There are 2 protein chains.
Amino acid sequence: MSDRIKFFLEESKMPKNWYNIAADLPKPLSPPLHPGTLKPIGPDDLAPLFPMALIGQEVSQDKEIEIPEPIREIYKQWRPSPLYRARKLEKFLDTPAKIYYKYEGVSPTGSHKPNTAIAQAFYNKEEGTKKITTETGAGQWGSSLAYACSIFGIELDVYMVKVSFEQKPYRKLIMQTYGARCVASPSSETESGKAILAKDPNSTGSLGIAISEAVEMAAKDKNTKYSLGSVLNHVLMHQTIVGNETLLQMEMAGDYPDILVGCTGGGSNFSGLVFPFLGKKFREKKNTRVIACEPKSCPSLTKGKYAYDFGDTGRLTPLVKMHTLGSQFIPPSTHSGGLRYHGMAPMVSHLKEIGAIEAKAYGQKECFEAGVNFARVEGIVPAPEATHAVKGAIEAALECKNNGKGKTILFNLCGHGHFDMKAYGDYFDNKLEEDKYDEAGINKALEELPKID
Amino acid sequence: MSDRIKFFLEESKMPKNWYNIAADLPKPLSPPLHPGTLKPIGPDDLAPLFPMALIGQEVSQDKEIEIPEPIREIYKQWRPSPLYRARKLEKFLDTPAKIYYKYEGVSPTGSHKPNTAIAQAFYNKEEGTKKITTETGAGQWGSSLAYACSIFGIELDVYMVKVSFEQKPYRKLIMQTYGARCVASPSSETESGKAILAKDPNSTGSLGIAISEAVEMAAKDKNTKYSLGSVLNHVLMHQTIVGNETLLQMEMAGDYPDILVGCTGGGSNFSGLVFPFLGKKFREKKNTRVIACEPKSCPSLTKGKYAYDFGDTGRLTPLVKMHTLGSQFIPPSTHSGGLRYHGMAPMVSHLKEIGAIEAKAYGQKECFEAGVNFARVEGIVPAPEATHAVKGAIEAALECKNNGKGKTILFNLCGHGHFDMKAYGDYFDNKLEEDKYDEAGINKALEELPKID
């Protein structure tokens with residue numbers, strides 16, 4: 001037992017529920033507001049975009065939500081995913097810390113994203129949706145929703161941030177292989193896209209712009225719905241299968257984490273792992289440290305303002321209270337991974353605000369360095385996004401080395417880097433620019449925040 | 001039970017032995033010959049290239065060879081790999097056949113190759129090897145040996161067929177991420193490479209040439225050994241962990257295959273799955289049909305001659321009796337996947353010769369078509385090599401549909417296509433040339449076979 005490296009949960013023990021952290025919050029979340037009336041929005045406001053089942057989950061206060069059996073059957077294609085003890089990394093770092101990682105790269109698209117893609121496609125199919133529109137940044141989400149839509153026979157249009165569309169051609173191709181259509185955003189297919197292109201024909205795009213395009217197309221047609229890969233409560237909740245499994249696997253390991261680490265863009269893989277542990281922290285007053293790791297080039301949690309803002313650049317979405325760099329902020333195109341949303345999931349932002357989690361920002365070079373070291377000792381090449389979590393976990397383990405404390409660290413290795421080797425190549429060839437904190441750009445975007453108190 | 005799609009073997013039930021088909025052969029294999037004396041070679045002839053443990057396995061007649069515990073511990077990073085019932089593919093094809101597939105894409109490098117890479121690196125490390133040289137075609141092998149060498153701290157040089165080096169840049173990058181050096185072959189680092197470049201400076205390379213380069217470099221230095229990713233008996237044997245697991249998983253499914261299908265380049269993933277079942281066929285006189293699927297552009301089993309030939313283009317290796325297109329044959333560079341060796345594993349060739357297996361050749365377009373259909377219904381994007389097995393399995397299932405027989409089909413999905421999406425892109429864009437049977441080129445190469453009876 002003592003030198004085991006993998007903790008594999010039997011299929012029969014796969015959790016049957018998602019965990020809804022809303023039920024355990026010491027202080028409730030601020031509601032989303034209608035951008036016209038500034039009143040809290042109701043289900044009817046969201047109905048043009050989402051199936052009712054997902055709207056219900058978005059506002060639910062139930063602690064456990066049952067995962068429908070057809071979704072669990074599809075999850076079983078790759079779930080339960082393995083939990084590893086990173087014994088070789090521990091040795092490499094010469095740390096007294098124990099390091100565990102949950103590995104979500106075993107899914108058919110190589111990341112955690114199918115956990116919610118399958119659920120969203122299922123509920124859409126149940127309610128008769130014929131077509132879905134979505135946005136994608138680095139492409140993990142677009143590929144995963146393409147996979148899910150191919151299973152359920154739903155047509156899919158993906159608006160992909162142009163800089164990633166060009167940097168990551170394999171992503172477009174895997175979406176196409178699954179039968180989806182992938183369009184570089186900003187595109188001339190939408191009013192939102194055309195407005196951006198009129199101002200800047202060379203715009204490299206942003207998640208905020210791509211969201212506007214996808215929302216606009218869904219709002220136009222009653223058989224088309226919109227789907228988001230992160231940020232929203234129901235999306236984060238679908239990811240909690242990750243943490244619920246890990247709770248059982250940590251029990252198998254006879255251990256419990258003192259420090260949890262995840263990377264954050266919109267917040268979904270982070271939430272999936274940490275929410276079930278945060279629930280225990282709230283209920284059982286556990287002394288668990290939780291660290292969100294984000295890129296220096298898009299530092300919403302560490303440098304953003306906690307304020308009501310639009311979820312998209314075109315200002316079509318409701319207003320949500322979150323850590324934001326401003327919906328008009330466009331992250332520098334030199335950042336090679338995902339994690340480039342101007343805001344942060346309202347739930348993650350709220351947890352930061354009430355002191356339940358902390359956040360750190362890292363530059364991409366130090367993250368790739370961590371990723372390469374991890375690959376060489378643990379054997380798995382992390383996705384560029386996941387290298388931020390690797391970096392955070394290594395930093396925590398080195399702190400343990402410095403102060404001689406053998407803490408237990410758990411992080412989410414949310415995906416493999418097999419589609420993203422070009423970024424590793426740029427790192428090796430010293431072509432990667434260091435992530436910069438664009439203070440002027442952020443200040444300008446923050447000035448354009450809607451004025452709400 | 002009846003609608004299960006995944007049969008997952010518990011880690012504790014992972015087989016502890018490899019299976020050696022040499023022990024069950026109805027007729028023994030022809031021995032490899034020394035190219036100078038034409039006498040059967042002995043262990044001393046191979047000692048400059050391989051550690052003694054592997055030479056022992058190469059000629060062993062023991063039916064079971066124990067997998068050393070340190071290898072099993074590393075296998076557990078991803079093994080046992082899942083067996084799936086392809087229920088959605090069955091429905092899509094409207095066939096009475098039952099289709100199962102073993103999925104080896106869950107390994108850290110996305111294919112079956114680490115099964116032998118780990119074993120070879122382990123035995124080399126045990127015997128003090130400091131550096132290994134090898135060749136790779138499409139790159140599955142080179143990446144996997146790079147992964148294994150990084151675990152054991154062995155330096156690695158990979159000679160990669162130039163056309164693939166250029167077509168598949170991600171492969172070089174993953175080798176580099178694991179710390180290996182990857183060189184386009186033919187290179188000017190070796191005499192063999194220089195000789196080829198002198199004749200044809202634009203040579204796109206071949207596995208036979210890359211083998212010559214790697215063998216030459218290993219033979220020069222006593223601390224350097226050579227490693228091969230397929231063809232040799234011990235390599236095929238290391239892959240039988242695949243079939244040994246599948247035997248147990250088919251029992252879990254309460255089923256047994258009537259038809260086995262695998263793709264063949266050098267023969268290793270095919271052998272890994274089918275040898276344990278062929279053993280039962282020999283011992284228990286089971287009526288199992290076994291089909292090897294190869295590309296029309298490199299049809300060693302269907303169009304090659306069963307004769308003694310060199311394993312490499314530079315004529316540095318022993319002579320082995322196999323189905324060969326001639327060691328001077330260079331497959332057309334229009335073929336986009338792997339499976340491009342001029343010969344076939346002597347053991348697989350022998351099994352074909354004694355009628356234990358059959359072979360079929362497919363064009364790459366029909367294979368990609370099968371791969372895309374498979375991805376859309378089963379959710380996994382196959383590696384270009386693996387699409388040949390998918391095509392073979394689909395063809396067998398459609399035969400069942402035509403003759404109304406509900407046979408049980410089992411194939412090896414030996415890897416995912418995440419590194420190889422460019423080939424899918426070429427297929428979608430109609431840029432793939434159809435695989436051609438290069439009769440003139442093969443006849444010319446066959447004329448240059450060594451004259452041995």
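Analysis parameters
- Residues numbered from 1 in each chain as written.
- Chains lettered and ligands numbered in written order.
- Predicted model: local features only at pLDDT ≥ 70, side-chain atom pairs only at ≥ 80, totals over all residues.
- Heavy atoms only, no water.
- Helix = DSSP H or I, 4+ residues; strand = E, 2+ residues; numbered from the N terminus.
- Rg over C-alpha atoms; globule rule 2.2 N^0.38 Å.
- Buried < 20%, exposed > 50% of the residue type's maximum accessible area, 1.4 Å probe, protein only.
- Contact = heavy atoms within 4.5 Å.
- Lys, Arg positive; Asp, Glu negative; His and termini not counted.
- Charge placed at Lys NZ, Arg CZ, Asp CG, Glu CD.
- Axes fitted to C-alpha atoms, helices over the stretch in contact; angles between N-to-C directions.
- Left-handed = near helix turned anticlockwise from the far one by under 90°.
- Nonpolar A, V, L, I, M, F, W, Y, C, P; charged D, E, K, R; others polar.
- Pairing = 2+ DSSP bridges.
- pLDDT = per-residue confidence, 0-100.
- Least-squares fit on C-alpha atoms with pLDDT ≥ 70 in both.
- Buried area = accessible area lost by both parts, 1.4 Å probe.
- Salt bridge = Lys/Arg side-chain N within 4 Å of Asp/Glu carboxyl O.
- Disulfide = S-S within 2.5 Å.
- Phe/Tyr/Trp six-rings, centres within 6.5 Å; stacked < 30°, edge-to-face > 60°.
- Lys NZ or Arg CZ within 6 Å of the ring centre and 35° of its normal.
- Polar contact = N/O pair within 3.5 Å; in protein donor to acceptor, adjacent residues only side chain to side chain.
- Expected span 1.5 Å × (residues − 1).

1. Here's the deal with the overall build of chain A
Secondary structure summary: chain A contains 19 helices and 15 strands in total. Taking 453 residues into account, the globule formula puts the C-alpha radius of gyration at 22 Å, and chain A, at 20 Å, falls close to it. Looking at chain A as a whole, 65% of its 453 residues are labelled buried. Put simply, of all contacts in chain A between residues at least 6 apart along the chain, 77% involve residues at least 24 apart. Treating the 55 positive side-chain charges of chain A as one cloud and the 54 negative ones as another, the clouds have centres 3 Å apart.

2. Quick word on the packing of helix α12 (residues 241–252) of chain A against helix α13 (residues 268–284) of chain A
Residues and elements named next belong to chain A. Packing of α12 against α13 leaves a shortest axis separation of 6 Å and a crossing angle of 65°. Where α12 crosses over α13, the handedness of that crossing is right-handed. Listed contacts from α13 to V242, G243, N244, T246, L247 and M250 of α12 are G272, L273, P276, F277 and K280. The class makeup of the residues in the contact of α12 with α13 is six nonpolar, four polar and one charged.

3. Notes on the sheet that holds strand β1 (residues 6–7) of chain A
Residue and element names in this part refer to chain A. Taken in spatial order, the seven strands of this open sheet run β1-β4-β5-β15-β10-β11-β14, and their pairing is mixed. Looking at which strands have only one partner, the edges of the open sheet turn out to be β1 and β14 (358–362). As paired strands, strand β5 (residues 98–103) and strand β15 (residues 408–413) are joined by six bridges and run parallel to one another. Bridging from a neighbouring strand, I99 pairs with I409 of β15. Those strands touched by α12 are β1, β4 (83–85), β5 and β15, and its axis lies near 140° from that of β5. The sheet contacts of α13 involve β5, β10 (259–263), β11 (289–295) and β15, and relative to β10 the element is tilted by about 160°.

4. Quick notes on the confidence of the model for chain A
Confidence along chain A averages 95 in pLDDT terms, with 99% of residues attaining 70 or more. Interface confidence for the predicted complex, expressed as ipTM, amounts to 0.94; the pTM equals 0.95.

5. Overview of the relation of the copies chain A and chain B
Put simply, the two copies of the chain differ by a rotation about an axis and a shift along that axis. Its rotation angle being 180°, the transformation that places chain A on chain B also includes 0.0 Å of axial translation and leaves an RMSD of 0.0 Å. With respect to symmetry, the two chain copies, as superposed, fit the operation of a two-fold axis. In this assembly, 100% of the residues forming the interface of chain A have copies in chain B that are likewise at the interface, indicating an isologous arrangement.

6. Observations regarding the interface of chain A and chain B
Listed as interface residues are 43 residues of chain A and, on the opposing side, 43 residues of chain B. Regarding the contact of chain A and chain B, the summed buried area is about 3,700 Å², with carbon and sulfur atoms giving 56% of it. Ranking the residues of chain A by area buried against chain B places Y170, T177 and H418 of chain A at the top, with a combined share of 19%. At the boundary of chain A with chain B, the tally comes to two salt bridges.

7. A look at the environment of D255 of chain B
Residue and element names in this part refer to chain B. With respect to the secondary-structure elements, D255 resides in the loop between α12 (241–252) and β10 (259–263). Taking the relative accessible area as the measure of exposure, D255 reaches 16% and is therefore buried. Between the alpha carbons of D255 and T408 there is a distance of 7.8 Å; along the sequence they are 153 residues apart. Those residues in contact with D255 that lie beyond four places of it in its chain are K98, Y100, M250 and T408.

8. Things to note about the sheet that holds strand β9 (residues 224–226) of chain B
All names here are of chain B. On the basis of which strands lie adjacent, the open sheet formed by four strands has the order β8-β7-β6-β9 and parallel pairing. Both outer strands of the open sheet, β8 (181–185) and β9, are each paired with one neighbouring strand and no more. Sheet twist, expressed as the average angle between the axes of neighbouring strands with direction ignored, equals 25°. Relative to β8, strand β7 (residues 155–161) runs parallel, the two sharing five bridges.

9. Focus: the state of the cysteines
All names here are of chain B. Taken as a whole and judged by the stated rule, the model has zero disulfides over all chains. For the unlinked cysteine C293, the closest cysteine sulfur is that of C263, found at 7.7 Å. Since its relative accessible area comes to 0%, C293 is described here as buried. Just so you know, C298 is unpaired, no disulfide at all, and the nearest cysteine sulfur is the one on C263, 13 Å from it.

10. Focus: the packing of aromatic side chains
On inspection of all chains with the given rule, the structure shows 34 aromatic pairs over all chains. Ring pairing ties together the aromatic residues Y84, Y101, Y103, F374 and F411 of chain A, which thus form one cluster. Against the face of Y100 of chain B rests R85 of chain B, its NZ or CZ located 5.6 Å from the ring centre. Positioned above the aromatic ring of Y256 of chain B, the side-chain terminus of K286 of chain B is 4.2 Å from the ring centre.

11. Quick word on the side chain of K102 of chain B
All names here are of chain B. By the secondary structure assignment, K102 is in strand β5 (residues 98–103). Overall, the relative accessible area of 0% leaves K102 in the buried class. Among the polar contacts made by the side chain of K102, one reaches the main-chain carbonyl oxygen of S81 at a distance of 2.8 Å. Side-chain polar atoms of K102 contact the side chain of Q249, separated by 2.8 Å.

12. Overview of the pattern of salt bridges
In this structure the tally under the stated criterion is 50 salt bridges over all chains. For the salt bridge of E245 of chain A with K102 of chain A, the shortest nitrogen-to-oxygen distance reads 2.7 Å. Of this pair, E245 of chain A sits in helix α12 while K102 of chain A is found in strand β5, placing the two residues 143 residues apart along the sequence. Of the two residues examined, E245 of chain A and K102 of chain A, each falls in the buried class. Among the salt bridges present, the one from E155 of chain B reaches K131 of chain B, with a minimum N-O distance of 3.8 Å. Of this pair, E155 of chain B sits in strand β7 while K131 of chain B sits in strand β6 (residues 131–136), and the two are 24 residues apart along the sequence.

13. Here's the deal with α12 of chain A
Residues and elements named next belong to chain A. Between its first and last C-alpha atoms α12 spans 17 Å; for 12 residues at 1.5 Å apiece the expected length is 16 Å, and the two agree. α12 sits mainly inside the fold: nine of its 12 residues count as buried. A positive backbone phi angle near 65° is found at G254, which sits one or two residues after α12.

14. What about the packing of helix α9 (residues 191–199) of chain B against helix α10 (residues 207–220) of chain B?
Residue and element names in this part refer to chain B. Taken N-terminus to C-terminus, the directions of α9 and α10 make an angle of 145°; their axes are 7 Å apart at the nearest point. Contacts between α9 and α10 involve E191, S192, G193 and I196 from the first element and I209, S212, E213 and E216 from the second. Class assignment for the residues of the contact of α9 with α10 results in two nonpolar, three polar and three charged.

15. Things to note about unusual backbone geometry
R79 of chain A connects to P80 of chain A through a cis peptide bond whose omega is -10°. Its location among the elements puts P80 of chain A in the loop between α3 (69–75) and β4. With an omega of 5°, the peptide bond running from S185 of chain B to P186 of chain B counts as cis. Within the element layout of this structure, P186 of chain B appears in the loop between β8 and α9. Even without glycine at this site, V231 of chain A takes up a positive phi of about 70°. As for its position among the elements, V231 of chain A is in the loop between β9 (224–227) and α11 (233–238). Residue V231 of chain A is classed as buried on the basis of its relative accessible area, which comes to 8%. In this model, L339 of chain B sits at a positive phi of 55°, which is unusual for a non-glycine residue.

16. Here we look at the side chain of N115 of chain A
Residue and element names in this part refer to chain A. The residue N115 is located in helix α5 (residues 114–126) in this model. A polar contact of 2.8 Å, which involves the side chain of N115, links it to the side chain of R79. A distance of 2.9 Å separates a polar atom in the side chain of N115 from a polar atom in the side chain of Q239. Setting aside residues up to four positions removed in sequence, N115 forms contacts with Y75, W78, R79, E104, H238, Q239, I241 and V242.

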